[in-house]
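What follows is the residue order along each chain.
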Amino acid sequence: MAWRLRLAPEKTNFDFFRHQWLTFGGSILLMLAAFLFWGTEGLNYGIDFKGGTTLRTDSSQAVDVGGYRTALEGLPLGDVVITEVFDPSFRADQHVAMIRISSADSDEAVSEDGLAQVKAALSSYDPAIKFVSEETVGPKVSGELVYSSVLAVAVTSIGIMLYIWMRFEWQFALGGVLALLHDVFITVGIFAFFQIKFDLTIVAALLTILGYSINDTVVVFDRLRENLVKYKTMPLRDVMNLSVNETLSRTLMTSITTLIAVGSMMVFGGDVIRGFSFAIFMGVLLGTYSSVYVAKNIVLMIGLDRSEKPKGGKPSDHEFANIEA
Amino acid sequence: MMLYSPLWKRLLILALCAWGILGALPNMFYTKVEAHNDAVSAIEAAAGVATPEQTAALAEWPSYVPSALVNLGLDLRGGAHLLAEVQVSDVYAQRIDSLWPDVRDALRDVRDQVGAVRRMPSVPGVLRVSVGNADGMAAAVAAVQALATPVVSLTGVGQNDLEVTTEGQEIVVQLSEPERVATDTRTMQQSLEIIRRRVDAVGTREPTIQREGTDRILIQVPGLGSAAELKAIIGTTAKLTFNTVIGRTTNPAADPGARNSLLASSDEKDVYYIVADEPVVSGEELTDAQPSFDQNGRPAVSFKFNVSGARKFGEYTSANIGQPFAIVLDDKVISAPTIQSAIQGGSGIITGSFTTEESTNLAVLLRAGALPAKMNFLEERTIGPELGQDSIDAGKTAAIIGMVAVSLFMFASYGLFGLFANVALVINMALIFAVLSAIGGTLTLPGIAGIVLTIGMAVDANVLVYERIREELRIHKTTARAIEIGYERAMSAIVDANITTLITAAVLFFLGAGPVRGFAVTLGIGIVTSVFTALWVTRFIISVWFNWRQPKEIVV
């Protein structure tokens, strides 16, 4: 037999419910912690959600945050946040900083004149400075973006739930979606804990997590559906363990390939997209975990009706599950 | 034992793969193909006449190979982005204000019943008229209502454009709801058209100008220096009038007198003109404006009036020889020349202290006409081309490294079958670019991330199939049978998993904006192409290999 890289032995027989109090309880604790950080620390909203202006500077001179700050002192600006940006892809003489300015008057975006003053002040401090991007979002739009982001997460969750309900049972739909929300909320909690900038692309990342994570869960559910037909008398808990064990190798394989790709994006993809890649990376880790330890536990808790009659008077099961070998 | 699949299916798979590779090819030579495409459209615009440079650019890329390219989003190409909100209610106010003389005349006709009428102060867009005789209220309302006309729109059939109500001694006139809707639509169309013409006149590549929601316009212009520049091009109202000059002063507090205004001069410091409010001719009667030079070789703008404008201008200039008149642009006097002779024929020239660039811009603004309503800018973004290029380079590096790493991993895990999956992965990448190019899709930075994510997730379908084949081999199925069952059994999981991801992509597309939408498009395309390559293409490759080698046993 040729050599093959194996992430899991050919046949595993783990009891994935054995340390349920630790795994499932841990998940609940993590979610609570996420809400706690979200509530107390709050998210480090970018201008997409808070309004304001960001400037990205690029200079051959080293960034001196203190010097920049002094240069901007005395200008009629609101909060100014200056951060130096590091990235392996930068050239040796490339020094990048992000400057986030909220307007002195909280209802208005930073005016064009104000922005011109900022640029003039920084240019006189460092003549080599270039402004490679500038973005201004008014408060009106930022409010709407918050709303549409929440809406997007809700609509996606409901859409996924309906689809799983249609293809499986309602217990699966509920378990699957709760597992999804677990992944999303913990990711948001991580962003709150590390105070990583949270902007529109992060919401896109969260939605991608929804799509990826349900993917993983569906594969487990699919096998569970098949095994429920095959082993009609085996206790539900055992059928679940069997299904997770049977799909374990695949679950790990897919997680690893996705993590490799996303990891490459995180390391080499540049700092502009790093928050996005990081969110997806975390989401993939959590999604893998939750499809093994969270989704099916919820289904087990709710319980399944395993009697013979097809649910809801529907004539048969699902088209793909019936393909005969 | 053979793995069988019908000939038409094999041909279809091969054809799609070939199409994908050919369609993706131009993107490998982006700058060359772009120069070629630009030359093609330039030559077409010039009715077949080509400059030597264009002919050279044309030869860079053979014409029998596809030349459709993926559009690069603003975050990759660099450029300016504006989200503008049109103050549609400005137009209501203008309409209502212009209604007042008609209302006054209509009420004057029934004066014996309604008594004296007077316009009362009110919020913009609402006309309040106090009626002297309370008993004549009904007659007054009827007289005003007679001014209303039916709304011209699809939904407002049978409804009038004015809403006339009474409040005590006052008649309140405003636009009716259907008329407002119809007005909004007109205002938005007009604004879009004017913005489009102004942006096009500057001549940048493929600007995006589209309506968003009810009263917003999104403007994206790749290759433009900054959002401020874009605002200068579209934001200026460019209201041009020719007015009678009453006097000239240096006192900024001078009293201009009734129906006159005190306007600053745009190039003389501390000089003010008193001009009559009623213009002689207005900019709406211009038919053309071009940058030109005056007799001293200084930049100027030459213009031409339509027939009625030419007549009015001719009459005025012949009656006022030796008098100055003012050319007023956006409430500033740009010049106040003295009329030397009667200007017949409706052509003239505006001189001032312009630079060549300013005269070009002024000509563009005059040609395009005034915006119907004021615009507020809600969102402004400028992305420098260097940052865009850095992002492209970083994205490319990440994609290549990700792809090589995933391929190695697949080979290590599944051997020869892993290689088959890797071939499918490469074809998948080609197909994504081919589809994006064919539909004229836009690639953004999150879109690149979507493609990289697809690299990781695309092999998932193969993993599912291969794991299944392993299981089937373990329970002593024959090799060919195991492969077939592997594909069949894995199908339901693959379909369910990908449809849920497709739901996500759809939501992102419909609710997302800008770069996020670009991500949704690449994610969505990636799902469809990856299912195709992972299922059909790998199965095709495996069946060709299997029928050729006839292996007794296989190791997956």
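Residues numbered from 1 in each chain as written. Chains lettered and ligands numbered in written order. Predicted model: local features only at pLDDT ≥ 70, side-chain atom pairs only at ≥ 80, totals over all residues. Heavy atoms only, no water.

- The name given to chain B in an unreviewed UniProt entry is Protein translocase subunit SecD, with Cypionkella aquatica as the source organism.
- Here chain B is described in UniProt, under the heading Subunit (unreviewed entry), as follows: "Forms a complex with SecF. Part of the essential Sec protein translocation apparatus which comprises SecA, SecYEG and auxiliary proteins SecDF-YajC and YidC."
- Its UniProt record, at the heading Function (unreviewed entry), says of chain B: "Part of the Sec protein translocase complex. Interacts with the SecYEG preprotein conducting channel. SecDF uses the proton motive force (PMF) to complete protein translocation after the ATP-dependent function of SecA." (UniProt positions renumbered as here; feature names shortened; annotations may be inferred.)

- Chain A has the name Protein-export membrane protein SecF in an unreviewed UniProt entry, where Cypionkella aquatica is given as its organism.
- What UniProt states about chain A under its Subcellular location (unreviewed entry) heading is, verbatim, "Cell membrane".

### What to know about the sheet that holds strand β2 (residues 52–59) of chain A
And then number 1: Read across the sheet, eight strands follow the order β3(A)-β4(A)-β2(A)-β5(A)-β18(B)-β2(B)-β8(B)-β7(B) without closing on themselves; strand pairing throughout is antiparallel. Whereas interior strands pair on both sides, the edge strands pair on one side only; in this sheet they are β3 (80–85) of chain A together with β7 (208–212) of chain B. Here the strands of the sheet are splayed against their neighbours by 15° on average, with no regard to which way each runs.
And then number 2: For β7(B) and strand β8 (residues 216–222) of chain B, the ladder comprises five bridges, and the chain directions are antiparallel. The partner of Arg211(B) across the bridge, within β8(B), is Ile217(B). (Pairing = 2+ DSSP bridges. Helix = DSSP H or I, 4+ residues; strand = E, 2+ residues; numbered from the N terminus. Axes fitted to C-alpha atoms, helices over the stretch in contact; angles between N-to-C directions.)

### Concerning the interface of chain B and chain A
For an interface, size is often stated in terms of accessible area lost upon the parts coming together.
And then number 1: With 69 residues of chain B in contact, the opposing surface of chain A contributes 73 residues.
And then number 2: Summed over both sides, the interface of chain B with chain A buries roughly 6,200 Å², with 64% coming from carbon and sulfur.
And then number 3: In this structure, the connection of chain B to chain A is made through nine salt bridges.
And then number 4: Between Glu471(B) and Arg223(A) there is a salt bridge, with the nearest N and O atoms lying 3.0 Å from each other.
And then number 5: At the surface where chain B touches chain A, the tally comes to 24 residue pairs in polar contact (both at pLDDT 80 or more).
And then number 6: Taken together, the elements giving at least two residues each to the side of chain B that touches chain A come down to β2 (79–86), α9 (227–235), β18 (375–383), α12 (385–414), α14 (445–474), α15 (479–511) and α16 (515–549) of chain B.
And then number 7: A total of 18 residues in the side of chain B that touches chain A trace back to one element, the largest contributor, which is α15(B).
And then number 8: Sheet analysis places strand β5 (residues 130–137) of chain A next to β18(B), joined by five bridges and oriented antiparallel. The residue of β18(B) that forms the bridge with Glu135(A) is Arg381(B). (Contact = heavy atoms within 4.5 Å. Buried area = accessible area lost by both parts, 1.4 Å probe. Salt bridge = Lys/Arg side-chain N within 4 Å of Asp/Glu carboxyl O. Polar contact = N/O pair within 3.5 Å; in protein donor to acceptor, adjacent residues only side chain to side chain.)

### Focus: the packing of aromatic side chains
Residues and elements named next belong to chain B.
And then number 1: Summed over the entire model, instances satisfying the criterion amount to 35 aromatic pairs over all chains.
And then number 2: Feature note: the residues Tyr 414, Phe 417, Phe 420, Tyr 466, Trp 545 and Phe 546 constitute an aromatic cluster, connected by ring pairs.
And then number 3: The cationic tip of Arg 539 hangs over the ring face of Tyr 487; the distance from NZ or CZ to the ring centre is 5.6 Å. (Phe/Tyr/Trp six-rings, centres within 6.5 Å; stacked < 30°, edge-to-face > 60°. Lys NZ or Arg CZ within 6 Å of the ring centre and 35° of its normal.)

### A few points about the UniProt feature "transmembrane region" (unreviewed entry) in chain A
All names here are of chain A.
And then number 1: Residues given the UniProt feature "transmembrane region" (unreviewed entry) here are residues 21–39, 145–165, 172–194, 200–221, 252–270 and 276–304.
And then number 2: Here residues 252–270 runs as 89% helix and 0% strand, with 27 Å between its end C-alpha atoms.
And then number 3: Each end of residues 276–304 is marked by a C-alpha atom, and these two atoms are 38 Å apart; helix forms 90% of the span and strand 0%.

### Overview of a nonpolar patch on the surface
All names here are of chain A.
And then number 1: Nonpolar side chains collect at one region of the surface, where Ile 158, Leu 162, Trp 165, Trp 170, Leu 174, Leu 178, Met 301 and Ile 302 lie side by side and expose about 770 Å² of accessible area between them.
And then number 2: When residues of the nonpolar patch are traced back to their parent elements, those giving at least two are α5 (139–167), α6 (170–194) and α10 (295–302).
And then number 3: Structurally, Leu 162 is set in helix α5. (Patch = residues over 30% accessible without salt bridge, like charges linked within 9 Å, V, L, I, M, F, W, Y side chains within 5 Å. Areas by Shrake-Rupley, 256 points an atom, 1.4 Å probe, with all protein chains shown as cover.)

### Quick look at the domain arrangement of chain A
Residues and elements named next belong to chain A.
And then number 1: Considered domain by domain, chain A is made up of domain 1 (20–44 + 141–316) and domain 2 (52–137).
And then number 2: Between domain 1 and domain 2, the C-alpha centre-to-centre distance is 39 Å.
And then number 3: At the interface, nine residues of domain 1 touch nine residues of domain 2.
And then number 4: Approximately 600 Å² of surface area, both sides summed, lies buried where domain 1 meets domain 2, with 44% of it carried by carbon and sulfur atoms. (Domains from an automatic or database assignment.)

### Side note on the sheet that holds strand β17 (residues 347–351) of chain B
Residues and elements named next belong to chain B.
And then number 1: Judged by pairing direction, the sheet is antiparallel, and its three strands sit side by side in the order β13-β14-β17 without closing on themselves. In this open sheet, the two strands that pair with only one neighbour each are β13 (286–293) and β17. The average angle at which neighbouring strand axes cross in this sheet is 25°, direction not considered.
And then number 2: Here strand β14 (residues 299–305) pairs with β17 via five bridges, running antiparallel.

### Some details on unusual backbone geometry
And then number 1: Positive phi is not limited to glycine here, since Gln195(A) has a value of about 50°.
And then number 2: One can find Gln195(A) in the loop between α6 and β6 (197–198).
And then number 3: Phi angles above zero are rare outside glycine, and Gln550(B) is one such case at about 50°.
And then number 4: Note that Gln550(B) resides in the segment after α16.

### Re the layout of surface pockets
Residues and elements named next belong to chain B.
And then number 1: Quantified by volume, the second largest pocket comes out at close to 1,200 Å³.
And then number 2: Lining the second largest pocket are 39 residues, with Asn 27, Met 28, Lys 396, Phe 433 and Leu 443 sitting closest to its centre.
And then number 3: The leading source of residues in the lining of the second largest pocket is α12, at nine residues.
And then number 4: Partitioned by chemical class, the residues of the lining of the second largest pocket number 25 nonpolar, ten polar and four charged. (1 Å grid on protein atoms, 1.4 Å probe; cavity = no way out; pocket = protein on both sides within 12 Å on 5 of 7 lines; lining within 4 Å. Points joined across faces, edges and corners; volume = space filled by probe spheres on them. Nonpolar A, V, L, I, M, F, W, Y, C, P; charged D, E, K, R; others polar.)

### What about the UniProt feature "transmembrane region" (unreviewed entry) in chain B?
Residue and element names in this part refer to chain B.
And then number 1: Taking the UniProt record as the reference, the feature "transmembrane region" (unreviewed entry) is found at residues 398–417, 490–513 and 519–542.
And then number 2: With 95% helix and 0% strand, residues 398–417 has end C-alpha atoms that lie 25 Å from one another.
And then number 3: With 100% helix and 0% strand, residues 519–542 has end C-alpha atoms that lie 32 Å from one another.

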